[in-house]
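# Structural characterization, general
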Amino acid sequence: MPAKTGKAIFLKSFPQGLPAKDHFVSRSFEAPAPADGEVQLRIVWMSVDPYMRGRMRPDIKSYIPPFSLDAPLDGGAVGQVIESRHPSFAAGDYAVGFSGGWREYATVAGAGLQKVDPGMAPLSAYLGVLGMPGFTAWAGLNEIIKPKAGETVFVSGAAGAVGSLVCQLAKLKGCRVVASAGSKEKCDWLTREGGADVALNYRDYKNATELTKALAAAAPKGVDGYFENVGGMHLEAALNCIAFGGRIALCGMISMYNNTEPEPGPPNLVNMIGRGVMAQGFIISNYLPLAPKFAFEVAPLLDQGKIKFRESVYEGLEKAPDAFIGLFKGENFGKAVVRVGPDRI
Ligand SMILES: NC(=O)c1ccc[n+]([C@@H]2O[C@H](COP(=O)([O-])OP(=O)(O)OC[C@H]3O[C@@H](n4cnc5c(N)ncnc54)[C@H](OP(=O)(O)O)[C@@H]3O)[C@@H](O)[C@H]2O)c1
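Please read all numbers here as calculations on a predicted model, not as lab measurements.

Quick notes on the rules
- Residues numbered from 1 in each chain as written.
- Predicted model: local features only at pLDDT ≥ 70, side-chain atom pairs only at ≥ 80, totals over all residues.
- Heavy atoms only, no water.
- Axes fitted to C-alpha atoms, helices over the stretch in contact; angles between N-to-C directions.
- Helix = DSSP H or I, 4+ residues; strand = E, 2+ residues; numbered from the N terminus.
- Parallel < 35°, antiparallel > 145°, perpendicular 65-115°, else oblique.
- Contact = heavy atoms within 4.5 Å.
- Nonpolar A, V, L, I, M, F, W, Y, C, P; charged D, E, K, R; others polar.
- Core = buried A, V, L, I, M, F, W, Y, C linked by side-chain atoms within 4.5 Å.
- Buried < 20%, exposed > 50% of the residue type's maximum accessible area, 1.4 Å probe, protein only.
- Domains from an automatic or database assignment.
- Near = heavy atom within 4 Å.
- Polar contact = N/O pair within 3.5 Å; in protein donor to acceptor, adjacent residues only side chain to side chain.
- Areas by Shrake-Rupley, 256 points an atom, 1.4 Å probe, with all protein chains shown as cover.
- Buried area = accessible area lost by both parts, 1.4 Å probe.
- Salt bridge = Lys/Arg side-chain N within 4 Å of Asp/Glu carboxyl O.
- Phe/Tyr/Trp six-rings, centres within 6.5 Å; stacked < 30°, edge-to-face > 60°.
- Arc of directions from axis to C-beta.
- Pairing = 2+ DSSP bridges.

Quick look at the packing of helix α2 (residues 132–145) against helix α8 (residues 291–303) now. In the contact formed by α2 and α8, the axes pass within 10 Å of each other and the chain directions differ by 100°. The angle between the axes of α2 and α8 places the two elements in the roughly perpendicular class. Residues Gly134, Phe135, Trp138 and Asn142 of α2 touch α8, and the partners they reach there are Ala291, Lys293, Phe294, Glu297 and Val298. Residues of the contact of α2 with α8, tallied by class, amount to five nonpolar, two polar and two charged.

Counting residues in each nonpolar core, the largest one holds 51 residues, and the members touching the most others are Val78, Leu130, Leu190, Phe227 and Val298. At the level of elements, β3 (38–47), β5 (94–97), α2, β8 (152–155), α3 (161–172), β9 (176–181), α4 (184–192) and α8 are the ones that each hand at least two residues to this core. If you tally residues by element for this core, the top one is α2, at seven residues. The residue makeup of this core includes at least three contributed by each of domain 1 (4–128 + 309–339) and domain 2 (132–285). Core analysis: the second largest hydrophobic core is formed by 31 residues, Met52, Val81, Ala336 and Val338 among them.

Looking now at the site of the ligand. Taken together, 27 residues lie around the ligand, and Val162, Lys186, Tyr202, Tyr257 and Asn332 are the ones closest in. Between the ligand and the protein, one listed contact pairs an oxygen atom with a side-chain N or O atom of Tyr202 at 2.5 Å. One of the side-chain N or O atoms of Asn332 is found 2.7 Å from an oxygen atom in the ligand. Taking 900 Å² as the accessible area of the ligand by itself, protein coverage stands at 92%. Residue assignment for the shell around the ligand shows that the elements contributing at least two residues are α2 and α3. Here the shell around the ligand spans two domains, since at least three of its residues come from each of domain 1 (4–128 + 309–339) and domain 2 (132–285).

Split into domains, the protein chain comes out as domain 1 (4–128 + 309–339) and domain 2 (132–285). Spacing between the C-alpha centres of domain 1 and domain 2 amounts to 28 Å. Listed per partner, the contact involves 23 residues of domain 1 and 17 residues of domain 2. Across the domain 1/domain 2 interface, buried area totals approximately 1600 Å², and carbon plus sulfur atoms make up 60% of it. At the junction of domain 1 and domain 2, the tally comes to zero salt bridges. Across the domain 1-domain 2 interface, the total number found is seven residue pairs in polar contact (both at pLDDT 80 or more).

We now examine the packing of aromatic side chains. Summed over the entire model, instances satisfying the criterion amount to 11 aromatic pairs. A ring pair is formed by Phe154 and Tyr226, whose centres lie 5.0 Å apart and whose planes are at 20°; its orientation type is stacked. One end of the pair, Phe154, is in strand β8; the other, Tyr226, is in strand β11 (residues 223–228), and 72 residues separate them in sequence. Relative accessible area serves as the criterion here: at 0%, Phe154 is assigned to the buried category. Tyr226 sits in the buried class, given a relative accessible area of 0%. What links up through ring pairs into an aromatic cluster is the set Phe24, Trp102, Phe324 and Phe328.

Right, let's get into α4. Looking only at α4, the buried set comprises Lys186, Cys187, Trp189 and Leu190. Buried residues along α4 cover an arc of 160° about the axis, so they all sit on one side. More than 90 degrees from the buried face of α4, the exposed residues found are Lys184, Glu185 and Arg192. Looking at the buried side of α4, the elements it contacts are α3, β9 and β10 (198–201).

What follows deals with the pattern of salt bridges. One pass over the full model with this rule turns up 13 salt bridges. A salt bridge links Lys7 to Glu318; the shortest N-O distance between them is 3.3 Å. Here Lys7, found in strand β1 (residues 4–11), pairs with Glu318, found in the loop between β14 (311–315) and α9 (320–327); they are 311 residues apart in sequence, far enough to count as distant. Taking relative accessible area as the criterion, Glu318 reaches 40% and is therefore assigned partly exposed.

Bringing the pairing of β3 into the picture now. Counting buried residues along β3, nine of its 10 residues qualify, which places the element largely inside the surrounding structure. Here β3 runs beside strand β6 (residues 105–109); their pairing, made up of five bridges, is antiparallel. When the sheet's bridge partners are listed, Gln40 is paired in β6 with Thr107. Strand direction decides the pairing type here: β3 and strand β4 (residues 77–84), joined by seven bridges, are antiparallel. Counted as the bridge partner of Val39 is Ser84 from β4.

Put into structure tokens, the structure is as follows:
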């Protein structure tokens, strides 16, 4: 089978502050015929994720290398196999991987792919609730916070891909769940369907003092577990309300990803000492051996309707920059995904 040429999205320049559409450009890109061990894919869905902003900062050393201006952007994607030179895949199969996004055709290592069943869940769900963000929610909650029934869990970024599953899993464990999100519509969904007992619209609070007051009222016995997705005033409020023996899963700090100057840390870290608080940062790729356990637990919950998920769907590869920029403006509700091609052709 020959190389396949299609469109791909490249970075034109590295953004300073909030990315804008003119930082991105669409160009022709050739996915080569696969070599031994590789698979050539027609991309069906691609993911936009907050961590990609970190890959647009070549000045900062990170756990993942920065994007190059000379290659397409990259990220999680679900594709259909055109040609396989890997024994686990055949033409027509669907597969998800951490690479292959931001383009119409991709040639990737078969070792990094996982076959997915389009009959079990919508293909896009393998980028969200059944994919990397879902696994992140499950791992941060179960491996770091380890909540017990009756405890209070506070979740920031609660209407996003990760946060919305954290809320529901914590609720299923018998916790009181306090969520924070950026609109009334999101907060209403969180209390109606998303597992939250109380949802705070953080845009109603001007600073950490105001958010602390609201959180203290929503968590009268204190916060036993804080799932951190946002940083800034959310972390400060959580540290003000954290209970003795509290656990904090440091998953992300999206409010800081577009900062051009370093932001001062919370002034109340000292609370962690007297209250015996444990805070642990984590990167989900370090938990990969637990992925089968995650799928074994969460896929049936989804199938039984015990957990719900939402998606913001952007139609067409050219919309990928909008989808990505929207992450930082709260324009997405649940997982933001881009439909690059039809599920079936
Ligand atoms: N550690 C890991 O391995 C790992 C893996 C995946 C994700 N993460 C992190 O987890 C967090 C959530 O990821 P996700 O995939 O769930 O993202 P997502 O679905 O894009 O949700 C992010 C949400 O964050 C909110 N947000 C954006 N800017 C904000 C700000 N300045 N202040 C408060 N909220 C803001 C937005 O909703 P609102 O309307 O509520 O503002 C947005 O919907 C991110 O920090 C991400 O980097 C970490």
